[in-house]
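Listed below are the residues making up each chain.
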Amino acid sequence: MKPFFQRFNTTFKKRIGYFVLILVCAWFWFCLPSPLFKAHTCTVLEDNTGRLLAARIADDGQWRFPKCKNIPYKFAASIIQFEDREFFAHKGFNPLAFGRALVQNIKERKIVSGGSTLSMQVIRLARKGKSRSIMEKLIEIIYATRLELTASKFEILSLYASNAPYGSNVVGIDAASWRYFGREAEKLSWAEAATLAILPNAPSLIYPGKNQERLLAKRNRLLERLLKAKIIDKETCELSKQETLPGKPFALPQIAPHLLQRAAKEGFEGTRIPSTIDGHIQERVNEIIENHHQLLKANEIHNACAIVLDVNTGNVLAYVGNTDNTGKPEYQSDVDVIVAPRSTGSILKPFLFASMLNDGELLSTTLIPDVPTQIGGYTPQNYNNSFDGAVPAKRALARSLNIPAVRMLQNYGTEKFNYNLKKLGMTTLTFTPDHYGLTIILGGAEGKLWDITGMYASMARTLNHYTTYNGKYNAEDIHPPHYTYPKKKKEVETTKQSFIDAASIYFTFEAMVEVSRPDEDAGWKQYTSASKVAWKTGTSFGYRDGWAVGVTPKYVVGVWVGNADGEGRPGLVGIQTAAPILFDIFSILKPGKWFSPPYDEMEKIAICHQSGCRTTEICEPIDTVWIQKSGLSSEPCKYHRLIHLDETGNYRVNSNCEEVNKMKHVSWFVLPPAMEWYYKSKNSSYKESPPFRKDCETSGLKSMEFIYPKQYSKIYVPVELDGTMGKTVFQVAHRKAGSIIYWDLDGTYIGLTQNIHQMALAPDEGMHKITLVDEEGETVVQQFEIVSKKSK
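The model shown is predicted, which means the values in this text are computed figures rather than measured ones.

Cut-offs and rules
Residues numbered from 1 in each chain as written. Predicted model: local features only at pLDDT ≥ 70, side-chain atom pairs only at ≥ 80, totals over all residues. Heavy atoms only, no water. Helix = DSSP H or I, 4+ residues; strand = E, 2+ residues; numbered from the N terminus. Rg over C-alpha atoms; globule rule 2.2 N^0.38 Å. Buried < 20%, exposed > 50% of the residue type's maximum accessible area, 1.4 Å probe, protein only. Contact = heavy atoms within 4.5 Å. Areas by Shrake-Rupley, 256 points an atom, 1.4 Å probe, with all protein chains shown as cover. Lys, Arg positive; Asp, Glu negative; His and termini not counted. Charge placed at Lys NZ, Arg CZ, Asp CG, Glu CD. pLDDT = per-residue confidence, 0-100. Patch = residues over 30% accessible without salt bridge, like charges linked within 9 Å, V, L, I, M, F, W, Y side chains within 5 Å. Salt bridge = Lys/Arg side-chain N within 4 Å of Asp/Glu carboxyl O. Disulfide = S-S within 2.5 Å. Core = buried A, V, L, I, M, F, W, Y, C linked by side-chain atoms within 4.5 Å.

Peer 1: Outline the overall build of the chain, listing residues and values.
Peer 2: Looking only at helices and strands, one finds 22 helices and 28 strands in the chain. Scaling as 2.2 N^0.38, a compact globule of 792 residues should have a C-alpha radius of gyration of about 28 Å, whereas the chain reaches 39 Å, well beyond that. Taken along the three principal axes of its C-alpha coordinates, the chain extends 140 × 70 × 60 Å. Split into buried and exposed, the 792 residues of the chain put 51% on the buried side. If you take every contact in the chain between residues at least 6 apart in sequence, the share linking residues at least 24 apart comes to 67%. As displayed, the chain offers around 38700 Å² of accessible surface, 53% of which is attributable to carbon and sulfur atoms. Charge-centre separation for the chain: the mean point of 95 positive side chains lies 14 Å from the mean point of 83 negative side chains.

This is the structure:
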């Protein structure tokens, strides 16, 4: 039995030994914490080449950048020569170096060398706060050996370079390079790299005015060591020794501070952000904004922002979120206005124009009424308070006329328009379409420059890619801008139809090219001759916001100008404040070719020269033009009509006063009275239809029309200081110059007018009926309601 127990004990001990060995191996394998470093890091924003744009200090108050992506050769060579010349030979622990350090410490009777490898120093940095003892040194050796098993030498160097202390609150080679030398680590000289290799060993040497001689001596000895190792030549060594040591720390770049602020809020805090920003364009746009800021301040306009997008990708190339008003917090320079909702003014009009073209509701040449208009108590006005009577849709867009835009939206429908804006990327329409009503087209809703610029870019991208995809569309082309690169590129899936077709977009941009520019600005003339830009401005009610957006096949530029607190200023209009910035930005961008016409989505047809609509049999003259195919279903000309003249051609007649065989049947362009009244004053070529001969009846064609008010209008009249009702100006248009109109209010004759048919009246509150009769007996009756400001 004894041999059996002996064998059992031996086997049991072996098993225990194996078990312990497994436990030790498991502990050794899992002994390193993951991640090794858990300290807070800075939020770092880089441009599309990796250049630093801005950085934000870490939550613990340290300038500690995220882990280094690359280790500069000069720094790597310097730190290896200074700290661990056998770095690439050992496996975490160097017994010879450790023994050499032990002998030195015994001779000096103090610690002069730790004998630690770079791998061991990485462990010590990760275990910060631990006392320097023999036990701690053993732990460092074990952990360093473990680190070497799974981490490459480059990764270990990166960990050291990212976490080495550099004095004060500076940690890591990247932060130290910017703080002490004002440049990125890759651009350090040999002297600068040697200085930063020395400092982690004695960070206190960096303080300006202290220990400069010691720091200089240590740096020069390291340069000599690099020379001896044949890493640098003698000339480089001598020139490097002549370089001065760093002085007062540099401030880190703040080239795109508002984008950094935004990125931190959107989940990138404490990370390195490789952005799509073009650093060169960003700096130039910063300069342009600041130059205009100096001019705008004279009018107490203190804020402006701008964004530049690449059309085909949606990449943000420049992001200037606000002006710099350092020392004046009341001007709210910290607000990122690019993502702040602001009243849109007229900046949405091109989207309505494109939508109506796309749905075949008009052609770009279609005449739109431009007369005094009242719709359910809403009375829009043009910016210049004048009327054209009728104006082609593309001209109304180019001149940003408000009344034609409101009439177009009334015809198109607010629900459809709101839906289209949301689909294009407008995120601020949180209420129902009825809440905004027709005012949405004139600034009745708020929008973000980020959204609106992205919406224009989506339309330009769709038009560009229509050619790229051989006449097809990609639904993914409509997307918001992005300042970081997408993690995964989506496969292109093309279709034959699009939310807005290419031809409608093309004609919209063509109309926007014709936007009126200030004639007196020679600089703008010079630019427009160099490059073609589709652009639009907007001004909000109360002169609070000035907008400008410009589009080319390569770029979209968006600009906003105003006061962040919403204070309005005289002269704060888009074309005077935002547009000059827009064109200054375009002047620094590389010009290119204009959009290619999408002929597959277009049709060449005859249109009426005067109405701009599809022709009817009686339209003359006609023009042959390209239109979007959806325009084939648009309304034909309704203004040309056949009129019957006598043999002289000077009078109109009918079958009651003239034989048919003696009549001349002529096609005539005839506008309704109100439209005609204003149109003829702006268009000298307009010919009024001849008058009826005295012996003929004038049935059929109305001669007069109310301009204001319209039928069943509610008129809100303020009460004067003396308690009486204020007056309302009633206005009528009559085809016949010099005609007399007799006015009757509620059955009481109140007077007559001749030539200019206006009368100021002050009816009491309530419903009223006004009757007009001209010399030929034609009668117009209109009902309206007077509502005092108090009752409202």
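The structure having been displayed, the exposition proceeds.
Peer 1: Which residues make up the confidence of the model for the chain, and what values go with them?
Peer 2: Per-residue confidence for the chain averages 87 on the pLDDT scale, and 91% of its residues sit at or above 70. Low pLDDT, under 50, characterises residues 518-527; the stretch is placed with 13 contacts to residues that sit more than four places away or in other chains.

Peer 1: Give a description of a nonpolar patch on the surface that names residues and reports values.
Peer 2: Taken together, the side chains of I16, F19, V20, L23 and V24 define a hydrophobic patch exposed on the protein surface, amounting to about 440 Å² of accessible area. Its location among the elements puts F19 in helix α1 (residues 2-30).

Peer 1: Could you give me a rundown of the state of the cysteines, with the residues and numbers involved?
Peer 2: Throughout the structure, instances matching the rule amount to one disulfide. Here C657 pairs with C696 through a disulfide, and the sulfurs are 1.5 Å apart. Looking along the S-S bond of the C657-C696 disulfide, the torsion reads about 90°, which is the right-handed sense. Taken together, the residues C657 in the loop between β19 (640-645) and β20 (664-669) and C696 in the loop between α22 (673-682) and β21 (704-708) connect sequence positions 39 residues apart. Exposure remark for C657: the relative accessible area of 16% places this residue in the buried category. Accessibility expressed as a relative area gives 8% for C696, which makes it buried. Here C613 stays free of any disulfide, with the sulfur of C637 as its closest cysteine sulfur at 5.7 Å.

Peer 1: Describe in detail the nonpolar core, supporting the description with residues and values.
Peer 2: F417, Y456 and F509 are the most contacted members of the largest nonpolar core, which totals 80 residues. Of the residues forming this core, the biggest block, ten residues, is contributed by helix α18 (residues 449-468). Beyond its immediate sequence surroundings of up to four residues, Y456 is in contact with I347, P350, F351, F509, M512, K536, V549, V551 and V556. Core analysis: the second largest hydrophobic core is formed by 60 residues, L32, I79, C237 and L245 among them.

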